[in-house]
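Topology and contacts: notes
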There are 2 protein chains.
Amino acid sequence: MIGIAHHQAAGKQPDPALQHAHIYVHFKAVYTLALKERFGEGHLSGVGCAQQLFHTGDLNGNDAVLSSGRDKAAMGLDHIVTKPHEALADLLAEDLGAVNALIRTRMASRHAPRIPEVTAHLVEAGGKRLRPMLTLAAARLCGYAGGYHIHLAATVEFIHTATLLHDDVVDESEQRRGRPTANLLWDNSSSVLVGDYLFARSFQLMVETGSLRVLDILANASATIAEGEVLQLSAARNLATDEGVYLQVIKGKTAALFSAATEVGGVIAGAPEDQVKALFDYGDALGIAFQIVDDLLDYGGQSGTIGKNVGDDFRERKLTLPVIKAVAAADDEERAFWSRVIEAGDQRAGDLEQALALMAKHGALEATRDDALAHAARSKAALAALPDHPVRKLLSDLADFVVARVS
Amino acid sequence: MIGIAHHQAAGKQPDPALQHAHIYVHFKAVYTLALKERFGEGHLSGVGCAQQLFHTGDLNGNDAVLSSGRDKAAMGLDHIVTKPHEALADLLAEDLGAVNALIRTRMASRHAPRIPEVTAHLVEAGGKRLRPMLTLAAARLCGYAGGYHIHLAATVEFIHTATLLHDDVVDESEQRRGRPTANLLWDNSSSVLVGDYLFARSFQLMVETGSLRVLDILANASATIAEGEVLQLSAARNLATDEGVYLQVIKGKTAALFSAATEVGGVIAGAPEDQVKALFDYGDALGIAFQIVDDLLDYGGQSGTIGKNVGDDFRERKLTLPVIKAVAAADDEERAFWSRVIEAGDQRAGDLEQALALMAKHGALEATRDDALAHAARSKAALAALPDHPVRKLLSDLADFVVARVS
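Residues numbered from 1 in each chain as written. Chains lettered and ligands numbered in written order. Predicted model: local features only at pLDDT ≥ 70, side-chain atom pairs only at ≥ 80, totals over all residues.

1. A look at the overall build of chain A
Within chain A one finds 17 helices and zero strands. Expressed as a percentage of the 407 residues in chain A, the buried residues total 54%. In chain A, once contacts between residues fewer than 6 apart in sequence are set aside, the share between residues at least 24 apart is 79%. (Helix = DSSP H or I, 4+ residues; strand = E, 2+ residues; numbered from the N terminus. Buried ≥ 20, exposed ≤ 12 C-beta atoms within 10 Å, placed from the backbone. Contact = placed C-beta atoms within 7 Å.)

Following this line, the structure appears as structure tokens:
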């Protein structure tokens, strides 16, 4: 772990709630596990320590870049002035402040004080607000002059948080069947019910916009998210899971909310149809790239280096893209190996190394990286239909940034 | 257990899916436990056996009546021609058939076949469709001529089903802390995620009505439901829980969906404001009465008779109204008893009998019954603002019927 200095634009005095917003892109798994490892059983005493944690987050081996794409113009951390999501946060600072204020107001509960307690750990624990920022960016890019993009950004963050809470329960269930890691931060009941509450609150927020089209988009996204999560249950531990099923799963678990976040930003701004479609396509491709990168990093990235946090998906027997590609290329003996470790769950010392060796043999990690880069390129291409605007450039940089950790 | 003959209006050939709709009012706890007791671990092979089960359901000791109220004009089963919810089901048979068809269509999933598998067990397992019937009845009563009441009725049933699925997970969590009963029908992951899917599907259905007011009502109801469930978590095992907290909990867990179900029926019909308010008040009071009766029956009803399914709440250390009333009247020694069995969870042989004796001593069961009757009377009074119509009479009878088991 290495620390990174706070970036602060000269002369700016941002809202304290935003001081911790411009941090390295973190991934859900890292986030959850790190909190649990650090604080163990029970509740955190406050969010300050969690915020601190994220400032010394998972940066090892990941060269961040401003704008690279396939040319790999990686720059060392010393040379970085502003990462694209930080630059977006600066540009949208006022809106983000309003979103944070709205989130704090709406996560309250008149009758059940446990709700804001549970919610605060997630919502105020130094998250980078990537999804709501996408909504704000899309609305800004399309020249929106109203105020409902704040509601929609908060909506998107609430849906994301509710999903994390429910994922906690699902992960615990997985663990009971295989791995003995407990759900340490909250009990199942609180996670399920507070998640439901946040879904309902997000629903209230979007109704307030008065836009039936926005409601339609978010209702459909909600169904796709849940469908993808259920599909993932049956896809796990099943070697028949192919790339088509994998794509459907990650569209649900990640891309559906990204694409809804950008699309509703355009819709609320009254953007023309081709721009709304471009925003959807951008978010969809970005979300897919984001999840593929996440899954690739779980095997140490392109190089397949074993390090901290590597192999979680392997131990949980998840069929992610690197494994799917290696299984597709496997001979009989290799297939027997995959069947033993993934389907039967009979994992022994050295199996992760063997899995990585098989992935290397068949070029599965490189092929996975290439897929991520292709989706990132697709997301950038979609931006061509949108107005030339500083936000557009930052969204393009963001697509590069998402895949920079593996390129 | 005693069987009841199917009621069939002469000459009618109802939709096969509805043949089992007019069955005795069952309660969620009975439903879930009965299924588990009967079928044990794993999945049911079909819904037929579950339907059969409900036809021989929990009728012991419960004289059903057509119209009684406080006058206790109870009639033996031999004299019953039609119970009010059966009569409503007959009157609304065409609409109910459309609701069932819509539910079957919308519980499908293109990508995740596990979703309809899990959903079918609950949605098609002989449920009486009480909540959707309230929506259909309200729309009919207010002269609605359109088709969106079908969508709203299916919406309400999906929300109810999603809540049941999530309750299963919460109950398992409770059991881990105290009682060793497993969640037998499904695993946690499927229950959480399929519940989320049904919430999303309900959301899509209501968006299709194009009524922002309906969306507002259902969004608020969803928040109240989740809030009540979270409040229940902190209220459980806490002797400080008073009648005010209890009322808030049951408004959330039961009454909010009843009142939303009736209110949206009036709203979609374009009913005048006083009628919409009357429909809300009817559903709210009916839901509260319904839940108080459920909680009272868990202690054997007014007589406090120990029998099958009695004492579940006691063993789970829930602060329901009979206990709250007994605790409020307790002397020091009695308070120590309640503290031991409810707060500390140190329950021994004879404790349930002792709890019932203390309730009898302080008249807690009778007082609980009186509260249920008062709410039923309030629900009937609300109907005065609504048009004189056969449906109104049946809704009034339904209020009597809900409390008939304890009056």
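We are not done yet, so read on.
2. Details of the relation of the copies chain A and chain B
Copies of the same chain, two in number, are related to each other by a rotation about an axis and a translation along it. Structural alignment of chain A on chain B gives an RMSD of 0.0 Å, achieved by rotating through 180° and translating 0.0 Å along the axis. The transformation relating the two chain copies, once decomposed into turn and shift, fits a two-fold axis. Comparing contact sets, 100% of the residues at the interface of chain A also lie at the interface in chain B, consistent with an isologous, same-surface contact. (Least-squares fit on C-alpha atoms with pLDDT ≥ 70 in both.)

3. Points about the confidence of the model for chain A
Residue and element names in this part refer to chain A. Overall, the predicted model of chain A reaches an average pLDDT of 78, with 73% of residues at or above 70. The spread of mean pLDDT over the elements of chain A runs between helix α2 (residues 48-55), the lowest at 28, and helix α13 (residues 321-328), the highest at 98. Throughout residues 1-80 the model reports pLDDT below 50, and contacts reaching past four residues in sequence, or to other chains, amount to 112 contacts. For the stretch residues 173-183, pLDDT sits under 50, and the model shows 17 contacts to residues farther than four places along the chain or on other chains. (pLDDT = per-residue confidence, 0-100.)

4. Notes on the interface of chain A and chain B
Taken residue by residue, the interface counts 40 residues in chain A and 40 residues in chain B. Of all the secondary-structure elements, those providing two or more residues to the side of chain A that touches chain B are α5 (114-123), α7 (148-177), α8 (188-208) and α9 (212-235) of chain A. In the side of chain A that touches chain B, the residues fall into 20 nonpolar, 13 polar and seven charged. (Nonpolar A, V, L, I, M, F, W, Y, C, P; charged D, E, K, R; others polar.)

5. Things to note about the nonpolar core
Grouped together as the largest cluster of nonpolar side chains are 233 residues, with contacts concentrated most on A289 of chain A together with A289 of chain B. Among residues more than four places away in sequence, those in contact with A289 of chain A are A372, H375, A376, S379, A399, V402 and V403 of chain A. (Core = buried A, V, L, I, M, F, W, Y, C linked by C-beta atoms within 7 Å.)

6. A few points about the packing of helix α6 (residues 130-141) of chain A against helix α17 (residues 390-404) of chain A
Packed helices, taken two at a time, are described by their axes: the angle between them and the distance between them. Residue and element names in this part refer to chain A. Axis separation between α6 and α17 bottoms out at 9 Å; the angle between their running directions is 145°. For the pair α6 and α17, the crossing hand works out as left-handed. Mapping the contact onto sequence places A137, R140 and L141 in α6 and V391, R392 and L395 in α17. Broken down by class, the residue content of the contact of α6 with α17 amounts to four nonpolar, no polar and two charged. (Axes fitted to C-alpha atoms, helices over the stretch in contact; angles between N-to-C directions. Left-handed = near helix turned anticlockwise from the far one by under 90°.)

7. Digging into the environment of T262 of chain A
Residues and elements named next belong to chain A. Here T262 shows up in helix α10 (residues 243-268). With 19 residues separating them along the chain, T262 and D281 place their C-alpha atoms 8.9 Å apart. Setting aside residues up to four positions removed in sequence, T262 forms contacts with L134, T135, A138, L279, F280, Y282 and G283.

8. Overview of the environment of A329 of chain A
Relative to the helices and strands, A329 of chain A is located in the loop between α13 and α14 (332-343). Taking the C-alpha atoms as reference, A329 of chain A lies 9.5 Å from K361 of chain A; in sequence the two are 32 residues apart.

9. Section: the packing of α6 of chain A against α10 of chain A
Residues and elements named next belong to chain A. Where α6 contacts α10, the two axes come as close as 7 Å, and the packing angle between them is 30°. By the angle between their axes, α6 is roughly parallel relative to α10. Handedness of the crossing formed by α6 with α10: right-handed. On α10, the residues touching R131, L134, T135, L136, A137, A138 and A139 of α6 are L257, F258, A261, T262, V264, G265, G266 and I268. Residues of the contact of α6 with α10, tallied by class, amount to ten nonpolar, four polar and one charged. (Parallel < 35°, antiparallel > 145°, perpendicular 65-115°, else oblique.)

10. Looking at unusual backbone geometry
Glycine aside, a negative phi is what most residues show, and trans is what most peptide bonds show. Residue and element names in this part refer to chain A. Even without being glycine, R317 reaches a positive phi, approximately 60°. On the secondary structure map, R317 appears in the loop between α12 (312-315) and α13. Take R317: there are 20 C-beta atoms within 10 Å of it, and that puts it in the buried class.

11. A few points about the environment of G300 of chain B
Residues and elements named next belong to chain B. Within the secondary structure, G300 sits in the loop between α11 (273-297) and α12 (312-315). C-beta crowding within 10 Å serves as the criterion here: with 22 such atoms nearby, G300 is assigned to the buried category. Spatially, the C-alpha atoms of G300 and V406 are 9.1 Å apart, while their sequence positions differ by 106 residues.

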